[in-house]
Amino acid sequence: MDHETLVKTINLIIAPVVMITTCGIILNGIIARYTWLSDRIHSVHEEQLGLLELDLAQHRAKAEKLHHLEHLLPDLLKHHHQVHDVLVLVYLAILVFMLDMLVIAFAIANDSRWLQQLVVLVFLLGIGILLLGMALSAYELRTSHQFIQLEVHHRCQSCKIAPRK
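Residues numbered from 1 in each chain as written. Predicted model: local features only at pLDDT ≥ 70, side-chain atom pairs only at ≥ 80, totals over all residues. Heavy atoms only, no water.

Let's talk about the overall build of the chain
Part 1 of the reasoning: What the chain contains, in helices and strands, is 3 helices and 0 strands.
Part 2 of the reasoning: The order of helices and strands in the chain, counted from the N terminus, is α-α-α.
Part 3 of the reasoning: Residue burial in the chain is summarised as follows: out of 165 residues, 29% are buried.
Part 4 of the reasoning: Long-range pairs, those at least 24 residues apart, make up 73% of the contacts in the chain with a sequence separation of at least 6.
Part 5 of the reasoning: With the model as given, the accessible surface of the chain reaches about 10900 Å², and the carbon-plus-sulfur share is 67%. (Helix = DSSP H or I, 4+ residues; strand = E, 2+ residues; numbered from the N terminus. Buried < 20%, exposed > 50% of the residue type's maximum accessible area, 1.4 Å probe, protein only. Contact = heavy atoms within 4.5 Å. Areas by Shrake-Rupley, 256 points an atom, 1.4 Å probe, with all protein chains shown as cover.)

This is the structure:
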């Protein structure tokens, strides 16, 4: 393999490496959100269990709180599941970008036209998967924002700002 081919190969491999780095940065934020949701689900569930042990006939406020928690937990679980799906998609995109690096190496080694086209297709597949993951993440953030606004508005009777739809 001559020097020019080696430089060309390294340059081709840089694009998937940059995308893998980008996915890693994205994963840090998503994993933090996933961890926060997991912790919140756990604390809501613990609070719910604690309230179930009380004599609810004597504690009307506790009964209202328990009712609220029973509605909060399914919403938190829904968001947790959506963030989980985003994580799976981003990890899948990383896998596809790594596969693309192998296809690049095979395409250079074999100097095959169809392998060169496969390089582009695999790269675009990785971008598509990442795009889907980011769209799902944006949707989850939007619904989470609406959920928080409704939650605060429900609890805060003096709030004058109505939640946006």
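Here's the deal with the side chain of S112
Part 1 of the reasoning: By the element assignment, S112 lies in the loop between α2 (60–110) and α3 (113–155).
Part 2 of the reasoning: The class of S112 is buried, set by a relative accessible area of 13%.
Part 3 of the reasoning: For S112, the side chain forms a polar contact with the side chain of W114, separated by 2.9 Å. (Polar contact = N/O pair within 3.5 Å; in protein donor to acceptor, adjacent residues only side chain to side chain.)

A short note on the environment of L132
Part 1 of the reasoning: Residue placement: L132 occurs in helix α3.
Part 2 of the reasoning: Expressed as a C-alpha distance, the spacing of L132 and V90, which sit 42 residues apart in the sequence, is 8.9 Å.

Some words on the packing of aromatic side chains
Part 1 of the reasoning: Under the defined criterion, the tally for this structure stands at 1 aromatic pair.
Part 2 of the reasoning: Measuring from ring centre to ring centre gives 5.5 Å for F97 and F123, while their planes differ by 50°; the resulting arrangement is tilted. Taken together, the residues span a long stretch of sequence, with F97 in helix α2 and F123 in helix α3 at a distance of 26 residues.
Part 3 of the reasoning: According to the relative accessible area criterion, F97 is buried, its value standing at 0%.
Part 4 of the reasoning: On the basis of relative accessibility, which here comes to 22%, the residue F123 falls in the partly exposed class. (Phe/Tyr/Trp six-rings, centres within 6.5 Å; stacked < 30°, edge-to-face > 60°.)

Some words on the confidence of the model for the chain
Part 1 of the reasoning: Overall, the prediction assigns the chain a mean pLDDT of 80, with 76% of residues at 70 or greater.
Part 2 of the reasoning: Per-element averaging of pLDDT across the chain places helix α1 (residues 3–52) at the bottom with 81 and α2 at the top with 85. (pLDDT = per-residue confidence, 0-100.)

Comments concerning the environment of A105
Part 1 of the reasoning: You can see A105 is positioned in helix α2.
Part 2 of the reasoning: For A105, a relative accessible area of 36% gives the class partly exposed.
Part 3 of the reasoning: The spacing of A105 and Q116 is 11 residues in sequence and 9.9 Å in space, taken between C-alpha atoms.

Description of unusual backbone geometry
Part 1 of the reasoning: Look at D111: it is not a glycine, yet its phi comes out positive at around 50°.
Part 2 of the reasoning: Looking at the element boundaries, D111 is found in the loop between α2 and α3.

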